[in-house]
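Working through the structure, step by step
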Amino acid sequence: MSRILVVEDDHRIAAFIEKGLRAAGCVPVVADTAQEAEALGVAGDVDLVILDMGLPGGDGLQVLRAIRSAGRQMPVIVLTGLTERDATMCLEAGADDYMRKPFAFDELLARIRTRLRDKSSHDGMGIDVGGVHLDLRTRRVRVNGHLVELTNREFVLLEAFMRHPGHVLSREQLLSQVWGYHFDPSTNLVNVYVNALRKKVGGDLIETVRGAGYRFTADPA
């Protein structure tokens, strides 16, 4: 059974989520302060985190950064009533998805199952394309044998490319796959991250296809 860390200081919402998770066969672990959430998340003994942003003694962004800084890569779904800009900050800090309050539990459960299924299918696996090796277990990347340090979001973006070598991926597809949310297609978020990724893995590996998107090639010119 999956252990789910529920970080929520509103006891009614926490009880609502806890009850639903138990009915779905999960084991919920509830924390209602930033300090408690950070300790449980950094310990890493959970399969997924449901994280509220407003918490006593801190905030969810602080907790999220602590979890990722400790090297914990379990999926994190943020619950928020914040603006899209603030939600984007959470995604850039390492969250995998977010939902606005109020929310339907069925939708939350569907997202939980999707994230857990994705995590399970990736465990212990690696992807090799050309001279790039992606280790999905350790979250490490090697380019021609040399270790390259990527942020969590850069890693997920590179994974999206390497799962579809030679295919053109549109900005909309990348936003959906990597950020887990349908942003305004005019946002420059993808462009910024692609440029950062090129600097680290090699600019000739990611080709811009004008008017269509980007393509990862195993045989750069």
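Residues numbered from 1 in each chain as written. Predicted model: local features only at pLDDT ≥ 70, side-chain atom pairs only at ≥ 80, totals over all residues. Heavy atoms only, no water.

An unreviewed UniProt entry annotates the protein as Response regulator transcription factor of Fodinibacter luteus.

Focus on the overall build of the protein
If you tally the helices and strands in the protein, you get eight helices and 14 strands. Over its C-alpha trace the protein gives a radius of gyration of 18 Å, about what one expects of a compact globule, namely 17 Å for 221 residues. In terms of overall dimensions, the protein has a C-alpha envelope of 60 × 35 × 30 Å along the principal axes. Considering the protein as a whole, with its 221 residues, one finds that 45% of them fall into the buried category. (Helix = DSSP H or I, 4+ residues; strand = E, 2+ residues; numbered from the N terminus. Rg over C-alpha atoms; globule rule 2.2 N^0.38 Å. Buried < 20%, exposed > 50% of the residue type's maximum accessible area, 1.4 Å probe, protein only.)

Quick look at the nonpolar core
Among the nonpolar cores identified, the biggest contains 55 residues, and V49, L51, L158, F161 and F216 are the most heavily contacted of them. Per element, the largest residue contribution to this core is seven residues, and it comes from helix α6 (residues 152-162). When near neighbours in sequence (up to four residues on either side) are disregarded, V49 contacts L5, V7, I67, M74, P75, V76 and I77. By size, the runner-up hydrophobic cluster in this structure holds 16 residues, among which are L48, I77, F103 and F105. (Core = buried A, V, L, I, M, F, W, Y, C linked by side-chain atoms within 4.5 Å. Contact = heavy atoms within 4.5 Å.)

Focus: unusual backbone geometry
The step from K101 to P102 runs through a cis peptide bond, and the omega angle for that step is -5°. You can see P102 is positioned in the loop between β7 (97-100) and α5 (105-122). Phi at N144 is positive, roughly 55°, even though this residue is not glycine. As for its position among the elements, N144 is in the loop between β10 (140-143) and β11 (146-148). For N144, a relative accessible area of 60% corresponds to the exposed category.

Section: the pattern of salt bridges
In this structure the tally under the stated criterion is twelve salt bridges. Where E18 meets R22, a salt bridge forms, and the shortest distance between an N and an O atom there is 3.2 Å. Residue E18 and its partner R22 are both found in helix α1 (residues 11-23); the two are separated by four residues, about one turn of the helix. Residue E18 is classed as partly exposed on the basis of its relative accessible area, which comes to 25%. E154 is paired through a salt bridge with K200; the nearest N and O atoms lie 2.8 Å apart. Here E154 is found in helix α6, whereas its partner K200 is found in helix α8 (residues 189-201), with 46 residues between them in sequence. According to the relative accessible area criterion, K200 is partly exposed, its value standing at 34%. Among the ionic contacts, a cluster of salt bridges with common partners joins D97, E107, R111 and R115. (Salt bridge = Lys/Arg side-chain N within 4 Å of Asp/Glu carboxyl O.)

Things to note about the confidence of the model for the protein
Mean pLDDT over the protein stands at 85; residues scoring 70 or higher make up 90%. Taking the mean pLDDT of every element in the protein, the minimum, 75, falls on helix α4 (residues 84-92) and the maximum, 95, on strand β1 (residues 3-7). (pLDDT = per-residue confidence, 0-100.)

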